[in-house]
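The lines below spell out each chain.
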Amino acid sequence: MSDCAFLVGNGAGFSGDRVDAPLPVLKTLIASGRPSAMFFETLGERTVALAHLEKRRDPNAGYEPMLERLLDPILEPAKQHGIPLLGNWGAANPPAAARAVAKLALQKGLPDLRIALVEGDDVTGLVAGGQLPVHEADAGLDMGAWRLIAANAYIGAEPLIEALNQDADVVVAGRTSDPALAIAPLAHHFGWRMDDWDRLALGAATGHLLECGSQVTGGVFWDPGFKDIPDPANIGFPIAEVTADGGLTITKAANTGGIVDLRTIKEQLLYELHDPSHYITPDVVLDIGECAVEQTGRDRVAISGLRGHARPDTLKVTASFEGSWLGEGEVSVAGPNALARARATADVLLQRMKIRGLDVRARVDLIGVASVHDSDQGALWRGYDGPEPPDIRIRLAVESPHRDDADQASREVLAMLCCGTAGTGGARWRVTPRILTRSHLVLRERVPTRATVRTAREIAA
């Protein structure tokens, strides 16, 4: 490792990721003795919408529900070793997330912990007022019948850099772009200009490779017997080593499972890229068209040849709408003649929708026979002529504009415990709101952002 290397570790790739993953990463950063930062990417397109619904229910909710669990084991050592922690944990409620961090800091005897609150991504008013053009990919979506929940712009690294310039120990943001969480500490450390496109491309590639956590260290890549990885129960999360001269090496936390090799790197590099020469982020357009990857050691891959182009004038906005209702019900059959019993149960459930006059779109999947690739009409399970499965899980899924219809339909699965075939058991059902999303574009000057840094003591006061 170069003496001038700056290390960036990742502690989460999505909301719901492993809460014990960050500590090995932090220990590795500390052991390196190098200047470092760590980021957490916990937002997906729907995650923000669901968080806004939680905030409606409880004004103190709407941020990453595992925030305290993620930070509890690492907050004190990170502060002690000067390793800033950045995350889009704020989701729909960054102020509440900052208060949660402050409360945890006080519990750990860190009243002077400096917490940055990054705001400005919420552009609900602009979408509600019909002021933003719809992205061309979603131009055919008509949301006129649906109620707007929220709209959030993907902001870039600049307010995060501003927070680090104010010596923030923890940076709490809402909807950022994923690469911005890595660009910010790198630009802050190396003093990159925000129009140095090749350097920003290096940061964007770093964020892109690390953003999904263990996806670059063997998660999702893992395919037993075909693409094996060691110790998957303890898969290590990734760390990037970036040098002032533009070097980038990906490795992972020490003493952990998983793997970093040419295959994992290539798969993650191409993840979510429509055009490898034109990957648009708020800070830079990344071009990996001529990049090279080289295995330089065990669990070490170097990436070179990255290029950057000028950032776009607009930012992406994801607008979320209250859609219809999803009802799900499941029940199992097992033993001799399970296939015939499952088919009969499926037919009865579909008939019950019609008998009761429920306003639903329904489908049944026979898990163990056909579920992932089947049609709403059940062509695969109806035509299945393979070996008799020893057990089958019958899943009814319905969609309705009316919650009660979705609930009543999914409850029909429960009735099969006594009204169904022999040996039916293990029923469950639930109803959840469906969230619809549509993408818009907004001129970046219409999204003013700000970073406010206060101590844990000041926030809690």
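Refer to the structure above for everything that follows.
Calculation rules
Residues numbered from 1 in each chain as written. Predicted model: local features only at pLDDT ≥ 70, side-chain atom pairs only at ≥ 80, totals over all residues. Heavy atoms only, no water. Buried < 20%, exposed > 50% of the residue type's maximum accessible area, 1.4 Å probe, protein only. Helix = DSSP H or I, 4+ residues; strand = E, 2+ residues; numbered from the N terminus. Pairing = 2+ DSSP bridges. Contact = heavy atoms within 4.5 Å. Axes fitted to C-alpha atoms, helices over the stretch in contact; angles between N-to-C directions. Parallel < 35°, antiparallel > 145°, perpendicular 65-115°, else oblique. Left-handed = near helix turned anticlockwise from the far one by under 90°. Core = buried A, V, L, I, M, F, W, Y, C linked by side-chain atoms within 4.5 Å. Patch = residues over 30% accessible without salt bridge, like charges linked within 9 Å, V, L, I, M, F, W, Y side chains within 5 Å. Areas by Shrake-Rupley, 256 points an atom, 1.4 Å probe, with all protein chains shown as cover. Salt bridge = Lys/Arg side-chain N within 4 Å of Asp/Glu carboxyl O.

Asks: Hey, could you run me through the pairing of strand 8 (residues 248-252) in this one?
Replies: The element strand 8 is largely enclosed, with a buried count of five among its five residues. On strand 8, burial covers both faces: Leu248, Ile250 and Lys252 on one face and Thr249 and Thr251 on the other are all buried. Taking the residues between adjacent antiparallel strands as the criterion, strand 7 (residues 238-242) and strand 8 are bridged by five residues, where glycine 246 takes a positive phi near 100 degrees. Here three bridges tie strand 8 to strand 12 (residues 300-304), and the two strands are oriented antiparallel to one another. Residue pairing in the sheet places isoleucine 250 in a bridge with valine 301 of strand 12.

Asks: How should the sheet that holds strand 10 (residues 285-287) be read in this particular structure?
Replies: Two modes of strand pairing occur in sheets, parallel and antiparallel, and in both the strands are linked by backbone hydrogen bonds. Taken in spatial order, the three strands line up as 9-10-13 in an open sheet, and their pairing is antiparallel. Where the open sheet ends on each side, the last strands, each with one partner, are strand 9 (279-280) and strand 13 (307-309). Across three bridges, the pairing between strand 10 and strand 13 is antiparallel. Paired with valine 285 across the strands is histidine 309, a residue of strand 13. Each of strand 9, strand 10 and strand 13 touches helix 9 (residues 197-210); the most contacted strand, strand 13, lies at about 110 degrees to it.

Asks: Even after reading the chapter, I still don't get unusual backbone geometry, so can you show me in this structure?
Replies: Excluding glycine, residues mostly have negative phi values, and the peptide bonds linking residues are mostly trans. Of note in the backbone geometry, alanine 91 takes a positive phi value of approximately 50 degrees without being a glycine. Examined against the element boundaries, alanine 91 turns out to sit in the loop between strand 3 (85-87) and helix 5 (94-107). Relative accessible area serves as the criterion here: at 4%, alanine 91 is assigned to the buried category. Phi is positive for aspartate 299, close to 55 degrees, though the residue is something other than glycine. Summarising the element assignment, aspartate 299 is placed in the loop between strand 11 (292-297) and strand 12.

Asks: What exactly am I supposed to notice about the packing of helix 7 (residues 158-165) against helix 8 (residues 180-190) here?
Replies: How two helices pack is summed up by the angle between their axes together with the distance between the axes. Running from N to C, helix 7 and helix 8 point in directions that differ by 45 degrees, and their axes come no closer than 8 Å. Of the possible angle classes, the one that applies to helix 7 and helix 8 is oblique. Crossing of helix 7 over helix 8 shows right-handed handedness. Across the interface between the two elements, Leu160, Ile161, Leu164 and Asn165 from helix 7 touch Ala180, Leu181, Ala184, Pro185, Ala187 and His188 from helix 8.

Asks: What is the right way to read the nonpolar core from this model?
Replies: Here is a general trend for soluble globular proteins: nonpolar side chains tend to be buried in one another's company. Membership of the largest hydrophobic core comes to 64 residues, with the highest contact counts inside it found for Leu86, Leu160, Val171, Leu209, Leu248, Ile250 and Ile265. Excluding residues within four positions of it along the chain, isoleucine 265 makes contact with Leu209, Val216, Ile250, Val260, Val293, Val301 and Ile303. Residues Ile74, Ala96, Ala102 and Leu113 belong to the second largest nonpolar core, which totals 42 residues.

Asks: Honestly, a nonpolar patch on the surface in this entry has me stumped. Any pointers?
Replies: Judged by side-chain polarity, Leu414, Leu417 and Trp429 come together as a nonpolar surface patch covering roughly 230 Å² of accessible area. Note on placement: leucine 414 falls in helix 13 (residues 403-419). Taking the relative accessible area as the measure of exposure, leucine 414 reaches 33% and is therefore partly exposed.

Asks: Is there a simple way to explain the sheet that holds strand 12 in this structure?
Replies: Taken in spatial order, the ten strands make up an open sheet running 11-12-8-7-1-2-3-6-4-18, and their pairing is mixed. Looking along the sheet, the strands with just one partner apiece sit at the ends: strand 11 and strand 18 (450-455). Along the sheet, successive strands turn relative to each other by an average axial angle of 20 degrees, direction set aside. When strand 4 (residues 114-119) meets strand 18, the two strands line up antiparallel, connected through six bridges. Looking across to strand 18, one finds that alanine 116 is bridged to valine 453. Along the sheet, helix 1 (residues 22-32) makes contact with strand 1 (6-12), strand 2 (36-40), strand 7 and strand 8, crossing strand 2 at roughly 165 degrees. Each of strand 8, strand 11 and strand 12 is contacted by helix 10 (residues 262-270), which is oriented at about 145 degrees to strand 11, the strand it contacts most.

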